[in-house]
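# Structural overview
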Amino acid sequence: MLPNTGRLAGCTVFITGASRGIGKAIALKAAKDGANIVIAAKTTHPHPKLPGTIYTAAEEIEAVGGKALPCIVDVRDEQQISDAVEKAVEKFGGIDILVNNASAISLTNTLETPTKRMDLMMSVNTRGTYLASKACIPYLKKSKVAHILNLSPPLNLNPIWFKQHCAYTIAKYGMSMCVLGMAEEFKGEIAVNALWPKTAIHTAAMDMLGGSGIESQCRKVDIIADAAYAIFKKPKNFTGNFVIDENILKEEGIKNFDAYAIKPGHPLLPDFFLDEYPEPLTKKMESTGAVPEFKEEKPQPQPKPRLGAVEETFRIVKDSLSDDVVKATQGIYLFELSGEDGGTWFLDLKSKGGNVGYGEPSDQADVVMSMSTDDFVKMFSGKLKPTMAFMSGRLKIKGNMALAIKLEKLMSQMNARL
């Protein structure tokens, strides 16, 4: 891990979405240096699934040596942003660094993304970043440090990153386009950069998205905090960069990244929007049954599944069912399987005792999953993570995503038998 040098002592860092996760990790890293932290987030009461409020974050920041100013800020509200900026300037005398971290996510395709959800992502990610930057820029111009850092990806026009979650991609790329434009507009005055992780980062939000067991494929938030700190140390002429966490830390002399892994040595889940990975990471992915989409220049023939493998898998699943499993799940799943031994199958985890079978279920399915028969067998036997299959486009999901995540948890319990 990078040592603290006190470079940010006395600096004021305004961070959106800093009550938990990556935002809070960046806050704590800067606070250990003696920075003043403005926690601009909307969580004032604990969320049932996402721990942490602006007040608990403030306590943690002050406990490690920083000064904290918790501000209730929904980045969709321009007035709340302006009020928080005014309070920060009044309390600390200015703003030196802005971190646009607040973000909304929905990994749904065009027809499955409600307008309300699309509006939320556009308003929080793109518009919120723009408004927070606009409010802070007059004060950043007066700072010797003067950094804006957006937690957003490099602009990558590979269609794969649009086809499964077009609205989310547009909203995140809007943050990145702010970097592109503002870096040029304020060149010489303010450094404007983006930071994005090489691999998935473990947060409470990731647990909700990826389900049980996802953490073993992730790195800790510390890697983003250390990478952000490395950027903050750069001069103002370091601007317009789309920085990948691992790359900048290698430049800082970090060689062993196991310290950042939740489970050292375990294959890591690559993050969205990055096409190229070092060969060792690609091999790790492939060893878990995942084929990185970015490597497939031409469609590769799918290996044929074992004869009757799908039927055998469903037989084992049926033997694993119980009233407890049904009670804990309460969902009906429809599988549209392509290729040999394919067809339509269902898994009913709503009816008493549960049921599986070929064809359509008696009641409407809550979740529809489309994939090849071979990937289906790999998924239920633990050789292919559903999250990886979904991210690479090999698994398509329609319907209730929360129930889809519940199924992943159920699969992990069945893997030993399959």
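Residue numbering note: each chain is counted from 1, following its sequence as written. Only residues with pLDDT of 70 or above have their local features reported here, since the model is predicted, and side-chain atom pairs are shown and tallied only from 80 upward, although totals for entire chains, interfaces and linings are computed over all residues. With hydrogens and water excluded, all non-hydrogen atoms of the structure serve as input to the side-chain values.

For clarity, the threshold we go by: UniProt positions are given in the numbering used here, feature names are shortened, and annotations may be inferred rather than shown by experiment.
In the annotation of an unreviewed UniProt entry, the protein is listed under the name Hydroxysteroid dehydrogenase-like protein 2 and assigned to Sapajus apella. In UniProt, the protein has this text filed under Function (unreviewed entry): "Has apparently no steroid dehydrogenase activity. Controls bile acid (BA) and lipid metabolism in response to nutritional cues." Regarding the protein, the relevant UniProt record gives this comment under Sequence similarities (unreviewed entry): "Belongs to the short-chain dehydrogenases/reductases (SDR) family."

### Here we look at the overall build of the protein
Counted only if it meets this: Here a strand is any run of E in DSSP of at least two residues, a helix any run of H or I of at least four, and the numbering for each starts at the N terminus. Each residue's exposure class comes from its accessible area (1.4 Å probe, protein chains only) as a fraction of the maximum for that residue type: buried when under 20%, exposed when over 50%, partly exposed otherwise. For this analysis, residues touch if any pair of their heavy atoms sits within 4.5 Å. Only the protein chains shown count as cover for residues, and all accessible areas are computed by the Shrake-Rupley method using a 1.4 Å probe.
Helices and strands together make up the secondary structure of the protein, namely 15 helices and 12 strands. Residue burial in the protein is summarised as follows: out of 418 residues, 54% are buried. Restricting the contact set of the protein to residue pairs at least 6 apart, pairs at least 24 apart contribute 72%. Surface exposure of the protein reaches about 18,700 Å², of which carbon and sulfur atoms provide 52%.

### Describing the sheet that holds strand β8 (residues 331–338)
Remark on secondary structure: sheet strands pair via backbone hydrogen bonds, oriented parallel or antiparallel. Short version of the rule: Any two strands are treated as partners once DSSP identifies two or more bridges connecting them. Working convention: axes come from line fits to C-alpha atoms, limited for helices to the stretch in contact. Angles between N-to-C directions cover 0 to 180 degrees.
Here five strands make up an open sheet; going across it, the order is β10-β9-β8-β11-β12 and the pairing mixed. Two strands close off the open sheet at either side, each with one partner strand: β10 (355–358) and β12 (396–399). Neighbour to neighbour, the strand axes of the sheet diverge by 15° on average, direction disregarded. As paired elements, strand β11 (residues 367–372) and β12 share four bridges and run antiparallel to each other. Residue Ser-370 lies in a different strand from β12, and its bridge partner there is Lys-396. Running at roughly 5° to strand β9 (residues 343–349), helix α11 (residues 309–320) makes contact with β8, β9 and β10 of the sheet. Contacts from helix α13 (residues 373–380) reach β8 and β11, with the element oriented near 115° to β11.

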